[in-house]
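Remarks on the overall topology
Take a look at the letters that make up each chain.
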Amino acid sequence: MCGIVGYIGKRQAAPIILDGLAKLEYRGYDSAGMAVFDGEKVNVKKAVGRLKVLEELTHDGATMPGTVGIGHTRWATHGAPSDVNSHPHFNGDKTIMVVHNGIIENYIPLRAKLQKKGYEFVSETDTEVVAQMLDYYYDGNPMETILKVLHRIEGSYALGIMFADHPGELFAARKGSPLVVGQSEDGCFIASDVPAILKYTRTVYFVDEQEVVRLEPDHMHFYTLDEEEIEKQPTTIEWDADAAEKAGYEHFMLKEMYEQPKTVTDTLLPRIKKDTIEIEELGLSDEEIARIRKIHIVACGSAYHAGVTGKYVIEGLARIPVEVDLASEFRYRNPILEEGAMVIVISQSGETADTLAALRESKARGFKVLGIVNVVGSSIAREADNVMYTWAGPEIAVATTKAYSAQLIALYLLAMKFASVKKTIKEEEYKKLLRDLKRLPDQIELLLNNKKNIQHFANRYIGARDIFFIGRGIDYAISLEGSLKLKEISYIHSEAYAAGELKHGTISLIEEGTLVAAVSTQPELYQKTISNMVEVKARGAFVLAVTNEGNKEIEKAADYVIYIPETNPYFANSLAIIPLQLFGYYVAVGRGCDVDKPRNLAKSVTVE
Ligand code: M6R
């Protein structure tokens, strides 16, 4: 999604803006632009394509002198990627500059109204309306003008605004799209995400819904939409800027895959005390847990896939019925939430628009929501009643790996906690499960060390047209994620199917040599999956099996086998997904794809 960076202070703004935008590249974008006030007028430069083009155009910012400015990377929604549609947008005489993340939903009537008053629009964007409206209402007082406009626009926004006749001030506002501001000795900053400004400051303020910020070179003031000044507490960012760098790895995705043993440990160990699972953040007493009648898990993409696994594990261990919904469906399907229901939303970024809307919908109906979230201080983290953080650290690659692995751990912990309170598992089983959980980081490490073999195998499939993933139960959940990992970064068509469902239509797509990855980690389903492997093999498929050590029988039906170390079947996803992540990664690398920033995708999807 779009990235915003703004700066006002003692230093040259353009290099800071470019540097910050580079740190936001992972969010996905197709054009970039910036506006800097040079002491007399505002200079604007925009460029389609990578940020590199804008850097070259401005000689790394050197041709845009000035100590106040705003910049933007745009992920096109309204109007194709083009110079004219890129931000910043401005009024007719280029004295008011706006960068925007989000969607102005009522921009069409607003634009029509302004056109009737003689305003001319040059772009197809919704954002230009904001710049022109600011011009229309401007009476020399930026704050009052901004508030008038914010009261009239509908939709979502994170805004950075600059007025040429007030060069000592910058403005920011937020509704529904993430925004942080920060302060250092050298100046004040606006950004859509912390990594953009972490090099300059660790003291940040998360801008809340419907708040406006006025930034001066050495001070920031926060206001409500009624212009009441607000006192806000800063947050000190503890994680290191290095965590958002590649550290010698070829891609962020590879680095993040290699961080999974640590991520799993960090999410797991603080919640195991004296061989008992304690999830303080849960905010539920044992009596309240005992009263849970149903769990609704709501999420998007890979977080949804983690939720599908969560369903099997929670239902299996704690015997609580679980419904898993895609957030984009849940929010509009008028879901039936009955007494005793608990809602869990899962999100790496904590900013996914549909997941946030599902959370709000659940709260509006009077249900408490637990967020499983990675980004501290994100919207979902702040709006959920309780937050269980996945301690994965910043995840930069668009394709999630380590955050997904951490989500699985959070769900296992919940399942076991609920099971122990509800006494649906015996003490001995609980202890054994805990032992297996603690072994996961080393076992993941072991699987990562097998990367050469996977790379070798993946190289055979860089020219594939279709690749299918099949599995039953938890193995189906693993297949969903394995398939998404492959297709989102390699652009090879892939589908995941419940193994028993394939013969109801999709099997007709299997041709001579089509790769079918069969996941088979659930001993009670081995034979069933083998039957499905045989079915596709008989139609010419090349069958890759991912199964547990010792399941030698599978070799009769598979052409190539990847073994995972022994663990409890409920936790098999954490291991089986590793070779599938590596497979997707190496196929994409072999095809020369932009692994960390796949086309058309964004890291955090802040529009619905
Ligand atoms: O930030 P979130 O976890 O809410 O994001 C949800 C999905 O957009 C995300 O998992 C997406 O599917 C990833 N590209 C998968 O790798």
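Scroll up a little and you will see the structure.
Residues numbered from 1 in each chain as written. Predicted model: local features only at pLDDT ≥ 70, side-chain atom pairs only at ≥ 80, totals over all residues. Heavy atoms only, no water.

Here we look at the overall build of the protein chain
- Of regular secondary structure, the protein chain possesses 18 helices and 27 strands.
- Whereas a compact globule of 608 residues would reach a radius of gyration of roughly 25 Å, the protein chain reaches 25 Å, a difference of no more than 12%.
- For the C-alpha atoms alone, the extent of the protein chain along its principal axes is close to 75 × 55 × 45 Å.
- In the protein chain, the share of contacts with a sequence separation of at least 24, taken over all contacts with a separation of at least 6, comes to 71%.
- Accessible surface for the protein chain amounts to roughly 23,100 Å². Of this, 49% is attributable to carbon and sulfur atoms.
- Here the protein chain contributes 68 positive and 85 negative side-chain charges, whose respective centroids are spaced 5 Å apart. (Helix = DSSP H or I, 4+ residues; strand = E, 2+ residues; numbered from the N terminus. Rg over C-alpha atoms; globule rule 2.2 N^0.38 Å. Contact = heavy atoms within 4.5 Å. Areas by Shrake-Rupley, 256 points an atom, 1.4 Å probe, with all protein chains shown as cover. Lys, Arg positive; Asp, Glu negative; His and termini not counted. Charge placed at Lys NZ, Arg CZ, Asp CG, Glu CD.)

Let's talk about the packing of helix H14 (residues 427-448) against helix H18 (residues 572-590)
- It is the contact of H14 with H18, at a shortest axis distance of 9 Å, that shows an interaxial angle of 25°. The pairing of H14 with H18 is recorded here as roughly parallel in orientation. Between H14 and H18 lies a crossing of right-handed hand. Residues Leu-440, Gln-443, Ile-444, Leu-447 and Leu-448 of H14 touch H18, and the partners they reach there are Ser-574, Leu-575, Ile-578, Pro-579 and Leu-582.
- Residues that form the contact of H14 with H18 fall into these classes: 8 nonpolar, 2 polar and no charged. (Axes fitted to C-alpha atoms, helices over the stretch in contact; angles between N-to-C directions. Parallel < 35°, antiparallel > 145°, perpendicular 65-115°, else oblique. Left-handed = near helix turned anticlockwise from the far one by under 90°. Nonpolar A, V, L, I, M, F, W, Y, C, P; charged D, E, K, R; others polar.)

Some words on the packing of helix H13 (residues 402-422) against H18
- Two numbers describe how H13 lies on H18: the axes approach to 10 Å, and their chain directions differ by 170°. Taken together, the axis directions place H13 and H18 in an arrangement best described as roughly antiparallel. The residues of H18 that touch H13, namely those facing Tyr-404, Ser-405, Leu-408, Ile-409 and Tyr-412, are Asn-573, Ser-574, Ile-577 and Gln-581.
- When its residues are assigned to classes, the contact of H13 with H18 shows 5 nonpolar, 4 polar and no charged.

As for a positive patch on the surface
- Residues Lys-113, Lys-116, Lys-117, Lys-148 and Arg-152 make up a contiguous surface patch of positive charge.
- Those elements that place two or more of their residues in the positive patch are helix H3 (107-116) and helix H5 (142-152). (Patch = residues over 30% accessible without salt bridge, like charges linked within 9 Å, V, L, I, M, F, W, Y side chains within 5 Å. Salt bridge = Lys/Arg side-chain N within 4 Å of Asp/Glu carboxyl O.)

Concerning the pairing of strand S13 (residues 219-224)
- In terms of strand pairing, strand S12 (residues 211-216) meets S13 through 6 bridges, oriented antiparallel. Pairing of Glu-216 across the sheet is with His-219, part of S13.
- What sits between S12 and S13 in their antiparallel hairpin is a turn of 2 residues.
- With 2 bridges connecting them, S13 and strand S14 (residues 229-230) associate as antiparallel partners. Looking at the pairing, Phe-222 lines up with Ile-230 of S14.
- Where S13 folds back onto S14 in an antiparallel hairpin, the turn is made up of 4 residues, including Glu-227, whose phi is positive at roughly 65°. (Pairing = 2+ DSSP bridges.)

Here we look at the environment of Ser-494
- For Ser-494, the position within the fold is in strand S24 (residues 493-498).
- On a C-alpha basis, the gap between Ser-494 and Phe-457 in space is 17 Å, while along the polypeptide they are 37 residues apart.
- Ser-494 has contacts with Ile-467, Phe-469, Ser-483, Leu-486 and Lys-487, leaving out every residue within four places of it along the chain.

Focus: helix H7 (residues 260-268)
- Of all the positions in H7, only Gln-260, Pro-261, Thr-263, Val-264, Thr-267 and Leu-268 are classed as buried. Mapping the buried residues of H7 onto a view down its axis gives an arc of 165°, with all of them on the same face.
- Tucked inside the fold, the buried residues of H7 contact helix H6 (252-258), strand S16 (272-273), strand S22 (386-389), H13, H14 and H18. (Buried < 20%, exposed > 50% of the residue type's maximum accessible area, 1.4 Å probe, protein only. Arc of directions from axis to C-beta.)

Digging into H18
- If you check H18, its first and last C-alpha atoms are 28 Å apart, about what 19 residues at 1.5 Å a residue would give, namely 27 Å.
- Along H18, the sharpest kink reaches roughly 25°, centred on Ile-578 and followed within four residues by the proline Pro-579. (Expected span 1.5 Å × (residues − 1). Bend = angle between axes of the 7 residues up to and from the residue.)

Describing the sheet that holds strand S19 (residues 322-326)
- Pairing in this open sheet of 5 strands is parallel, and the strands run S19-S18-S20-S21-S22 from one edge to the other. What marks the edges here is a single partner per strand, and that holds for S19 and S22. Within this sheet the neighbouring strands show an average axis-to-axis angle of 20°, counted without direction.
- Note that strand S18 (residues 294-299) and S19 share 5 bridges and pair parallel. Bridged to Ala-299 within S19 is Leu-326.
- Against the sheet, helix H11 (residues 353-364) contacts S18, strand S20 (341-347) and strand S21 (369-373), and its axis sits at roughly 160° relative to S20.

Remarks on the pairing of strand S26 (residues 542-548)
- In terms of burial, S26 is a largely internal element, 6 of the 7 residues being buried.
- The pairing of strand S25 (residues 515-520) with S26 spans 6 bridges and is classified as parallel. The partner of Ala-517 across the bridge, within S26, is Leu-544.
- Once you follow S25 into helix H17 (residues 526-537) and on to S26, the crossover reads as right-handed.
- The pairing of S26 with strand S27 (residues 560-564) spans 5 bridges and is classified as parallel. Of the residues in S27, the one forming a bridge with Leu-544 is Tyr-560. (Right-handed = clockwise from strand over helix to strand, strands pointing away.)

Quick notes on the sheet that holds strand S11 (residues 203-206)
- Here we have 8 strands laid out as an open sheet, ordered S3-S2-S4-S1-S10-S9-S11-S15, and antiparallel in their pairing. Single-partner strands in this sheet number two, and they are strand S3 (42-48) and strand S15 (235-236).
- Looking at chain direction, strand S2 (residues 31-37) and strand S4 (residues 68-74) are connected through 7 bridges and run antiparallel. Within S4, the residue paired with Ala-32 across the bridge is Thr-73.

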